[in-house]
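# Commentary on secondary and tertiary structure
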Amino acid sequence: MTMSPSTPSTPSEAAGPAPGAAGSAPGAVPPIASGKDERVAPATLVHRLLVRPELGSLIGAVLVMCFFSIVADGFFTASGAATWLDDSATLGIMAVAVALLMIGGEFDLSAGVMTASTALITAMLATRAGWSVWPALAVSLVFALAVGALNGWLVVRTGLPSFIITLGTFLALQGLNLGVTRHVTNSVQVSGMRSTDGYESAGRFFASTMAVAGTEIQVSVLWWLLLAALATWVLARTRFGNWIYSVGGAPVSARNVGVPVDRTKIVLFMTTAGAAWLVGSINILRYTSVQANQGIGLEFQYIIAAVIGGCLLTGGYGSAIGAAVGALIFGMARQGIVYAKWNSDWFQLFLGVMLLAAVLVNNSFRRRAERSRR
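Just so you know, these numbers come straight off a predicted model, no measurement behind them.

Reading the values: the criteria
- Residues numbered from 1 in each chain as written.
- Predicted model: local features only at pLDDT ≥ 70, side-chain atom pairs only at ≥ 80, totals over all residues.
- Heavy atoms only, no water.
- Helix = DSSP H or I, 4+ residues; strand = E, 2+ residues; numbered from the N terminus.
- Buried < 20%, exposed > 50% of the residue type's maximum accessible area, 1.4 Å probe, protein only.
- Contact = heavy atoms within 4.5 Å.
- Salt bridge = Lys/Arg side-chain N within 4 Å of Asp/Glu carboxyl O.
- Axes fitted to C-alpha atoms, helices over the stretch in contact; angles between N-to-C directions.
- Parallel < 35°, antiparallel > 145°, perpendicular 65-115°, else oblique.
- Left-handed = near helix turned anticlockwise from the far one by under 90°.
- Nonpolar A, V, L, I, M, F, W, Y, C, P; charged D, E, K, R; others polar.
- Phe/Tyr/Trp six-rings, centres within 6.5 Å; stacked < 30°, edge-to-face > 60°.

### Some details on the environment of Val-188
Tracing the chain through its elements places Val-188 in the loop between α7 (162–185) and β1 (189–191). A relative accessible area of 25% means that Val-188 is categorised as partly exposed. Sequence-distant contacts of Val-188, that is, excluding residues within four places in its chain, are made with Leu-178, Thr-181, Arg-182, Val-290, Gln-291 and Ala-292.

This is the structure:
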């Protein structure tokens, strides 16, 4: 349809000059209106916060901190904070990596056992084979990345759910840990790391403490914060971060526009395995011994922390900051119950309530975010 020359082409022309406008005179040309469309107006700060996946976990962290500060003496002190930050750190490292994988639409049930597998490899090579700690750490890292790559490759090649693939890896690693450790040491424990070559330098790097405002903080807390910041930057500022959201939210569409879906998933599995190596290295160098059955069941804690932090089980939604805060809630609750002198069984109740609340809140925020993009 052809527009008539007399038809106003913009809303401002249709409206005409305002009656009695200041400075207007008969025959004067009316000022041109800005023509801004309210539909493209910048979102308010409140609106931007409401669509953030980590908002629920941040609110939860504040509430948990306030609650235990009231009911538990010593919780909100420098030494108390050092305790619950230490409890949260290794969980937070894994929660951040697991969150990336969950945003990419996958799970890794072998992550907990992998922390023990890498620690066992490092300990056996250092204490039984006489290796320096640094080469032993390098071999355990290669092992972890290889298992992660295998998990990812099997998922993308077979099309089977990652839950099934990594459950098989979980069982295989558990059996390998127990069988090899018992065969080499005639027990289920490897110890003696403190006397190995390279222990001091590796220990300073992975398991030392640092003084912050007169309080000793474990260096694992620094690793946790650095990885959370790096993962946040990757998700928000890089092409790979866009790929992670794409393969988790709409893998078919992502593949159609050229996103390397298979390669992205494999890298995410390798990232989770690499984080498990870091946690295993921190543990073996801090405690100087490792049990063959260590890490079993921790994979669910990692997933729970990521879900509390805003990740959806369906993929395509979540944040690294939220997962880090979810781990913080986990650590504050566990240590807060100790400071309050309650029975530790209450922690399971608290964890279940937090998980259910997080799922409901996350779904609500996700729907709000989806409406805002329409």
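### Focus on the pattern of salt bridges
In total, this model carries four salt bridges according to the counting rule given. Residue Arg-334 is joined to Asp-87 by a salt bridge in which the shortest nitrogen-to-oxygen separation is 2.6 Å. Within this pair, whereas Arg-334 is found in helix α14 (residues 320–339), its partner Asp-87 is found in helix α4 (residues 78–103), the two being separated by 247 residues in sequence. The exposure class of Arg-334 is partly exposed, given its relative accessible area of 27%. Residue classification places Asp-87 among the buried positions, given a relative accessible area of 16%. The shortest N-O distance in the salt bridge between Glu-106 and Lys-265 comes to 2.7 Å. Of this pair, Glu-106 sits in the loop between α4 and α5 (111–127) while Lys-265 sits in helix α12 (residues 261–287); the two residues are 159 residues apart in sequence, bridging distant segments of the chain. Across this residue pair, the class does not change: Glu-106 and Lys-265 are buried.

### Observations regarding the packing of helix α13 (residues 298–308) against α14
Working note: a packed helix pair is described by the angle between its axes plus the distance between those axes. Taken N-terminus to C-terminus, the directions of α13 and α14 make an angle of 115 degrees; their axes are 7 Å apart at the nearest point. Relative to α14, the element α13 lies roughly perpendicular. For α13 against α14, the interelement crossing comes out right-handed. Every residue of α14 that contacts α13 at Gln-301, Ile-304, Ala-305, Ala-306 and Ile-308 is listed here: Gly-322, Ala-323, Gly-326, Ala-327, Ile-329, Phe-330 and Arg-334. Taken together, the residues that form the contact of α13 with α14 break down as eight nonpolar, three polar and one charged.

### Observations regarding unusual backbone geometry
Phi angles above zero are rare outside glycine, and Asn-186 is one such case at about 60 degrees. Position of Asn-186 relative to the elements: it lies in the loop between α7 and β1. Positive phi outside glycine occurs at Lys-341, with the angle close to 65 degrees. Of note, Lys-341 is situated in the loop between α14 and α15 (346–372).

### Here we look at the packing of aromatic side chains
When we look at a pair of aromatic rings, we describe it by the centre distance and by the angle of the planes. If you walk through the whole model with that rule in mind, you get 14 aromatic pairs. With 5.1 Å between their ring centres and 75 degrees between their planes, Phe-67 and Phe-68 make a pair best called edge-to-face. Note on Phe-67: relative accessible area 42%, which makes it partly exposed. With 5.7 Å between their ring centres and 40 degrees between their planes, Phe-68 and Phe-75 make a pair best called tilted. Take Phe-68 and Phe-75: they sit in the same class, and that class is buried. Site record: aromatic cluster; members linked through ring pairs are Phe-67, Phe-68, Phe-75, Trp-84, Tyr-339 and Trp-342.

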